[in-house]
Amino acid sequence: MKEASIIRELYKDRKTDIILDDCYFFDGKYLITTDTIAEGTHFKHEWSSAADIAYKLIEVNVSDIAASGGLPKLAFLNLGLSQFSEKSLWLKPFLKHLQKALLKYNIKLEGGDTYHSTHTNLTLTLIGESKKPIFRHTGNNDDLVYITGCIGLSYLGYKILKNNLKLPLDIKKEAINRHLRPEARLELSKQISRKYKVSAMMDITDGLIQDGEKLALASKLKILIEVEKIPNISLLQKYMSIDEALSSGEELELLFLSKDKIKPTKDFPVTCIGRAIKGFPGIGFNLNESRYKPKKKGFLHFS
């Protein structure tokens, strides 16, 4: 079964619509999210260090809190350790850098569990706070579609590591770093929500194609993306296809909707890449005023 089918099966008895946001909001104040990164699916020990994996585990969870307009506060950690990762040679640096990553965001670790696993499986649950949370399902007709930073580098980094591609050193270093240690856009999220009225937002973890579709379906809108407006897309085409850039996962950039007209700056990398309109919910792409239909879907948890 595919991920979407599993979720529908879990909620088949619910009479109301399933609202799938980055975080669950409860008690008028708290946000909760949980994410697992698994060996072979989200990282490989061959090229990810213990430090890389520790930071990725924290960042992918903080990204959910950032996408919901909140601040992370408390964490619970589950460690599924293999014969390789339970050894102190790996585990001690992992725990050291995990603590550094938690300290970076002033997150308190309050509990968790450990168990033996055939492969390394790491799960973090975060509790955050927000007075004005931002959801996926609250987008409006005629909203502008914005993205932070650029997309495509994470998949390019994966290609470099997997195939030992020869690229210019600056691009190679940036792409590998994005793949191994993506960073949550928490500070940028705070700036965006403070300066502008955001109607809906989520982070890009499974690629713009899939995540844009999720945002569109949640808000019951048609999201139209102008591919040529995506930052650095023409530069990245020297090293990868458009489909690879659009389907690149674990970018941790923010995708959001707003009526406000926002201009990007060097210190505020936010770019308008499309518009949300009434229509059959979903996502569509245009390239140089012509319809563009991607052949890739992006990262799939189950084939």
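Residues numbered from 1 in each chain as written. Predicted model: local features only at pLDDT ≥ 70, side-chain atom pairs only at ≥ 80, totals over all residues. Heavy atoms only, no water.

1. Focus on the packing of helix α4 (residues 153-163) against helix α5 (residues 169-180)
Contact geometry of α4 with α5 gives a least axis separation of 7 Å together with a crossing angle of 105°. By the criterion of interaxial angle, the relationship of α4 to α5 is roughly perpendicular. On α5, the residues that touch Leu-153, Ser-154, Leu-156, Gly-157, Tyr-158, Ile-160 and Leu-161 of α4 are Ile-171, Lys-172, Glu-174, Ala-175, Ile-176, Arg-178, His-179 and Leu-180. In terms of residue class, the contact of α4 with α5 is made up of nine nonpolar, three polar and three charged. (Axes fitted to C-alpha atoms, helices over the stretch in contact; angles between N-to-C directions. Helix = DSSP H or I, 4+ residues; strand = E, 2+ residues; numbered from the N terminus. Parallel < 35°, antiparallel > 145°, perpendicular 65-115°, else oblique. Contact = heavy atoms within 4.5 Å. Nonpolar A, V, L, I, M, F, W, Y, C, P; charged D, E, K, R; others polar.)

2. What to know about the sheet that holds strand β6 (residues 144-148)
Adjacent strands of a sheet pair through backbone hydrogen bonds, lying either parallel or antiparallel. If you trace the seven strands from one edge of the open sheet to the other, you get β7-β9-β6-β10-β8-β11-β12, paired in mixed fashion. The sheet terminates laterally at β7 (198-203) and β12 (290-292), the two strands that pair on one side only. If you compare each strand with its neighbour and ignore which way they point, the axes differ by 30° on average. Bridge count between strand β8 (residues 222-226) and strand β10 (residues 270-277): four bridges; the pairing is antiparallel. Bridge pairing in β10 links Lys-222 to Ile-277. Of the strands in this sheet, β7 and β9 (254-258) are in contact with helix α2 (residues 50-67), which crosses β7 at around 170°. Of the strands in this sheet, β6, β7, β9 and β10 are in contact with helix α6 (residues 186-195), which crosses β9 at around 5°. (Pairing = 2+ DSSP bridges.)

Read these as geometric descriptors, not functional statements.
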